[in-house]
Every structure is written in C-alpha cells, then in structure tokens.
Amino acid sequence: MTDWHGLIERVKNKQASPEEKTILNEKMAEFQALQDYLMEEEWTEIPQMPMSDLPKVSYQKIKRETNRRIVKKVLLILLIVFGIVGVGQYFGKKLLDRIYFDPTVTMDESDVSNLGIYEMLYTELTRPEVEWRSTQVTPLSGGKYQIEHFYQKKYAEDWTPSLQSSYQLKRGKVVYPDNYENQLVAMEHYPMFLNTSSEGFESMIDNQRVTTLEKVQELPKSGGVYGFLTFKQALTTQEMLDFFGPTNEMNVRSLSVENQAAGDTKDNGNLQFGMDLMHGMSAQHSNNALMKINKEYPELFPFAFLYSRPSFDVTAYEQHYLSLLRYLIDNQEMINYLPDTSITIEEIEQALTYVEKNGVKINGVYLSGSVDQFLTYAQKEEVLVMEVFDASLYRQGE
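Owing to the predicted nature of the structure, the values given are computational and were not obtained by experimental measurement.

1. Side note on the packing of helix α4 (residues 114–126) against helix α10 (residues 314–330)
Moving on, step 1. At a minimum axis separation of 10 Å, α4 and α10 run at an interaxial angle of 125°. The pairing of α4 with α10 is recorded here as oblique in orientation. As for the relative orientation of α4 and α10, their crossing is left-handed in sense. Residues Ile 117, Tyr 118, Leu 121, Tyr 122, Glu 124 and Leu 125 of α4 lie in contact with α10, whose contacting residues are His 320, Tyr 321, Leu 324, Leu 325, Tyr 327 and Leu 328.

2. Here's the deal with the pattern of salt bridges
Moving on, step 1. In the structure shown here, the tally under the stated rule is 6 salt bridges.
Moving on, step 2. A salt bridge links Glu 109 to Lys 292; the nearest nitrogen and oxygen atoms lie 2.9 Å apart. Here Glu 109 is found in the loop between α3 (59–99) and α4, whereas its partner Lys 292 is found in helix α9 (residues 288–296), with 183 residues between them in sequence.
Moving on, step 3. What makes Glu 109 partly exposed here is its relative accessible area of 47%.
Moving on, step 4. Here Lys 292 falls in the partly exposed class, since its relative accessible area comes to 46%.

3. Focus: the environment of Ile 362
Moving on, step 1. Structurally, Ile 362 is set in strand β8 (residues 361–370).
Moving on, step 2. The buried category is assigned to Ile 362, whose relative accessible area is 0%.
Moving on, step 3. A C-alpha to C-alpha distance of 8.5 Å links Ile 362 and Gly 274, two positions 88 residues apart in sequence.
Moving on, step 4. Once residues lying within four places of it in the same chain are set aside, the contact partners of Ile 362 are Phe 231, Ala 234, Leu 235, Met 240, Leu 255, Ser 256, Val 257 and Met 275.

4. Considering the environment of Phe 150
Moving on, step 1. Inspection of the secondary structure puts Phe 150 in strand β2 (residues 144–153).
Moving on, step 2. Judged by its relative accessible area of 18%, Phe 150 is buried.
Moving on, step 3. Sequence-wise, Phe 150 and Ser 165 are 15 residues apart; in three dimensions their C-alpha atoms are separated by 6.7 Å.

5. A look at the pairing of β8
The side chains of a regular strand alternate, first on one face of the sheet and then on the other.
Moving on, step 1. Across the 10 residues of β8, 9 count as buried, placing the element largely inside the fold.
Moving on, step 2. As paired strands, strand β5 (residues 224–236) and β8 are joined by 9 bridges and run antiparallel to one another. Counterpart to Tyr 226 in the pairing with β8 is Ser 368.
Moving on, step 3. Sheet topology places strand β6 (residues 251–257) next to β8; 6 bridges connect them, and they run antiparallel.

6. Things to note about the side chain of Ser 113
Moving on, step 1. Tracing the backbone shows Ser 113 in the loop between α3 and α4.
Moving on, step 2. Using a relative accessible area of 12% as the deciding quantity, one classes Ser 113 as buried.
Moving on, step 3. Residues within four places of Ser 113 in sequence aside, it is in contact with Pro 103, Val 105, Thr 106 and Thr 135.

7. Looking at the packing of α10 against helix α11 (residues 345–358)
Moving on, step 1. For the pair α10 and α11, interaxial distance at closest approach is 10 Å and the crossing angle is 150°. Judged by the sense of rotation from one axis to the other, the crossing of α10 with α11 is left-handed. Residue-level inspection shows Tyr 321, Leu 322, Leu 325, Arg 326, Leu 328 and Ile 329 of α10 in contact with α11, the latter providing Ile 345, Ile 348, Glu 349, Ala 351, Leu 352, Val 355 and Glu 356.
Moving on, step 2. Of the residues in the contact of α10 with α11, the class split is 10 nonpolar, no polar and 3 charged.

8. Here's the deal with a nonpolar patch on the surface
Moving on, step 1. Together, Ile 70, Val 71, Val 74, Leu 75, Leu 78 and Phe 82 make up a nonpolar patch on the protein surface, roughly 570 Å² of accessible area in all.
Moving on, step 2. Its place among the elements puts Val 71 in helix α3.
Moving on, step 3. Assessed through its relative accessible area of 45%, Val 71 is described here as partly exposed.

9. Re a negative patch on the surface
Moving on, step 1. On the surface, Glu 239, Asp 242, Glu 381 and Glu 382 cluster together into a negatively charged patch.
Moving on, step 2. Note that Glu 239 resides in helix α7 (residues 237–244).
Moving on, step 3. The class of Glu 239 is partly exposed, set by a relative accessible area of 39%.

10. Some remarks on the sheet that holds β2
Moving on, step 1. The antiparallel open sheet is built from 4 strands, whose spatial order is β1-β2-β3-β4. Edge positions in the sheet fall to β1 (130–141) and β4 (173–175), since each of these pairs with one other strand and no more. Direction aside, neighbouring strands of the sheet carry axes that sit 30° apart on average.
Moving on, step 2. Across the sheet, α4 lies against β1, β2 and β3 (163–170), angled at about 150° from β1, the strand it touches most.

11. What about the sheet that holds β8?
Moving on, step 1. In spatial order, the strands read β7-β6-β8-β5-β9; together these 5 strands make up an open sheet with antiparallel pairing. Two strands in the sheet have a free side with no partner beyond their single neighbour: β7 (274–275) and β9 (383–392).
Moving on, step 2. Along the sheet, α7 makes contact with β5, β6, β8 and β9, crossing β5 at roughly 140°.

12. Concerning α7
Moving on, step 1. Those residues of α7 that fall on the buried side of the exposure criterion are Thr 237, Met 240, Phe 243 and Phe 244. Buried residues of α7 fall within an arc of 115° about the axis and therefore sit on the same side.
Moving on, step 2. Check the buried side of α7 and you find it contacts β5, β6, α10, β8, α12 (371–378) and β9.
Moving on, step 3. Looking one or two places after α7, you find Gly 245, whose phi comes out positive at around 75°.

13. Observations regarding the packing of aromatic side chains
Moving on, step 1. Using the criterion set out here, one finds 11 aromatic pairs in the structure.
Moving on, step 2. Aromatic ring contacts, followed pair by pair, group Tyr 226, Phe 228, Tyr 366 and Phe 389 into a single cluster.
Moving on, step 3. Its guanidinium or amino end placed over the ring of Phe 243, Lys 380 lies 4.7 Å from that ring's centre, counting from NZ or CZ.

The rules behind the values
- Residues numbered from 1 in each chain as written.
- Predicted model: local features only at pLDDT ≥ 70, side-chain atom pairs only at ≥ 80, totals over all residues.
- Heavy atoms only, no water.
- Axes fitted to C-alpha atoms, helices over the stretch in contact; angles between N-to-C directions.
- Helix = DSSP H or I, 4+ residues; strand = E, 2+ residues; numbered from the N terminus.
- Parallel < 35°, antiparallel > 145°, perpendicular 65-115°, else oblique.
- Left-handed = near helix turned anticlockwise from the far one by under 90°.
- Contact = heavy atoms within 4.5 Å.
- Salt bridge = Lys/Arg side-chain N within 4 Å of Asp/Glu carboxyl O.
- Buried < 20%, exposed > 50% of the residue type's maximum accessible area, 1.4 Å probe, protein only.
- Pairing = 2+ DSSP bridges.
- Nonpolar A, V, L, I, M, F, W, Y, C, P; charged D, E, K, R; others polar.
- Patch = residues over 30% accessible without salt bridge, like charges linked within 9 Å, V, L, I, M, F, W, Y side chains within 5 Å.
- Areas by Shrake-Rupley, 256 points an atom, 1.4 Å probe, with all protein chains shown as cover.
- Lys, Arg positive; Asp, Glu negative; His and termini not counted.
- Charge placed at Lys NZ, Arg CZ, Asp CG, Glu CD.
- Arc of directions from axis to C-beta.
- Phe/Tyr/Trp six-rings, centres within 6.5 Å; stacked < 30°, edge-to-face > 60°.
- Lys NZ or Arg CZ within 6 Å of the ring centre and 35° of its normal.

In short, the description is geometric, and any link to function would need to be established separately.
As structure tokens, then:
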C-alpha cells in the first residue's frame, strides 16, 4: 500500500523521484474526476426556480432597513443615557436634601413647616409690631429652596399679609436677591426704654410726657391711637393685669418683657424681647401637631386646643413666655435659616436665665384703642413714658 502522506511530504520538500511525482499526479486527477461527478449529482437534486421568481431586494430598501436599525439603536442608547442621568439627578437631589437643611420638613398632622413654626415664634419674641402669617417653601433643585415668609402689621385695617421676606436657601446658606429690602425693619418703631442712669433722663421724660399728652388730647375723640407705654418699674404679670383691670377696653398688641435689671450695662440690657398672648399667631394657630408640642412646652400655643379660652391667668402668661424662649433655644439650628436674625441664641439664653431667676416682668406694652382710653391708661401712676406711633381719624376695628 502506498504511503500517501509520506509521498505528499516528499513532493512538497522536493525529495520525490519523477516516478513518485507521476503517481501522485495521477491520483489527484482521479480524485478531481470523482469530486466533479458528485457535485453534478447533488446539483440535479436541487429544485430549479425561474429567475423571475427570485425575490427582488433593491439597494434603497436595504439602506432604509439599515438606517432604521441604526436609528433604533441610537434612540435606545439615548434613552438609557437620559434614564441614567435622570435617576442620578433624582437620587443626587435626595442625597443633597439629606446632607443640607430641608425647610419643607413638616410634622405629622401639621399644616405649617417646622421652619414656619420657628419663624412664627421668633417673630413674636423679637418683632412686637408684626405678626407672622404664613411661610411658603418652593424646592428648586438639590439643596436649593425659595423661601417666602408673609407678615402683617398688628395695627392695620386690612388683615391680609402686606409684608414679606423673600430669599433662597442654597445648600444651607441664606442668599438674598439683589434688590432685597428688609420691610420689617423699615416699618418698626423703637420705643424709649427705662434707663435711669442717663444724665438728664428725668427732665427729658417729663418734657416728652407733657408734649405727648398735649398732642393726644388734641386728637378727635372718635379717633384711634396706637402707641407704647413704659412703666416706671417693671410689673409682674399680675400687676400688669391689675393695671388694665377686668373691664379693660384697650387692645394690648404686645408685651415687652424685661431681660435685664434697670441700669445693667450688659450688651443685651436693652434687647426688645416680648410676647403676644392674645393676637400673636401662636395664640391663633391650631392643629394636632401644635397640641403635641404643648405637652413639652406648656402654653406655647395657647389656642392649640379644641376650645379657645376667653381669658388667661398669670400662669398662662408666664408659662407661655418661658416656653417661647425654650423652644427657640432647643431648636436653635433653624435660626440659621431665618432672614435678618440680629438676635443670637446666646442672647435668648441670657434672657431665659434672667426670667427663671427674677420672674417674668413687663416693662412696657404696645396697645391701641380710642383716644380717651389711651389717655386714661397713659396718665396712670405706673406709667413713665408714653409714645404714639400712629393715630387715625376713626377708631380702627380691634
């Protein structure tokens, strides 16, 4: 038997003899003939189709199909990319909101955000002529919010919000607009406080008292007066209630609470801290969340109950003021996100320490009423200074 593999190798390596080359060529010819024969047999078994029956696939159709597949792939890729970006932004915003202060946080069963509640109480303590009405928070993007606080002057005929403070919180920092104007500071009055250490104080007070009385007496009796009374000595809450008496017809708008002894030279000796138990929003606003807060801070929201009370005793006044200071201190982080906070937590803490030691004492009152009523109280023995901030021809509604 012929070793065909060895023969092929010798031919490739040019080592085969002429006879061996002839044998290999003859064998290859035989193999080619056999292969041709088999191919002819297989071809005859394939059914023959007329050329006219073959599918006609044009170049334009192939191009359209190709373009369609490309467009689908591109759209799918874009959809995936946008999905990834959208999901990233969503979770990125959630992450930033967790890292930075979120002013939209609201307690269960409350219709006021926690920031709004804090601004409500801070306004009552530090702005005696203004009351907070509402707070609106609009999320902008991750860690950014538009904040709007709305206020109302306490002595005003139109009881719709007329003042506002608008700013942004950008990742935990207060940012004011370029045209920002502090409307609250622009309208507030700053009454004279007890300061007997000043030289010539008594004569100045006497002159001021006479001048003010003359001006008020000249007003029409049907007119209304809005002003401030300073007491010679700070009154206890009971003495303050006795001062107005059971038939009080004056509208007490706010109480100024003493936070340092007369003549004290400490920096916060003249801080204008106070409360408004009858007209402040803490006395008007009511919801279940505020009722729960009252358990920890008694009388913080006097009307947060199902039935409002017709009057308040000494304990209610004193407890309300103490709770007001304690709530602001215990939630002091939020003071960083309020507008125009010139009062610091340290000063509020000093005021709390003072009243815990000396009791809640009233050194002045903001009040409004008829001309005759104002004169009646302004000329009482307890009054040291009287001031008139506003007067109207006709008495405004209480």
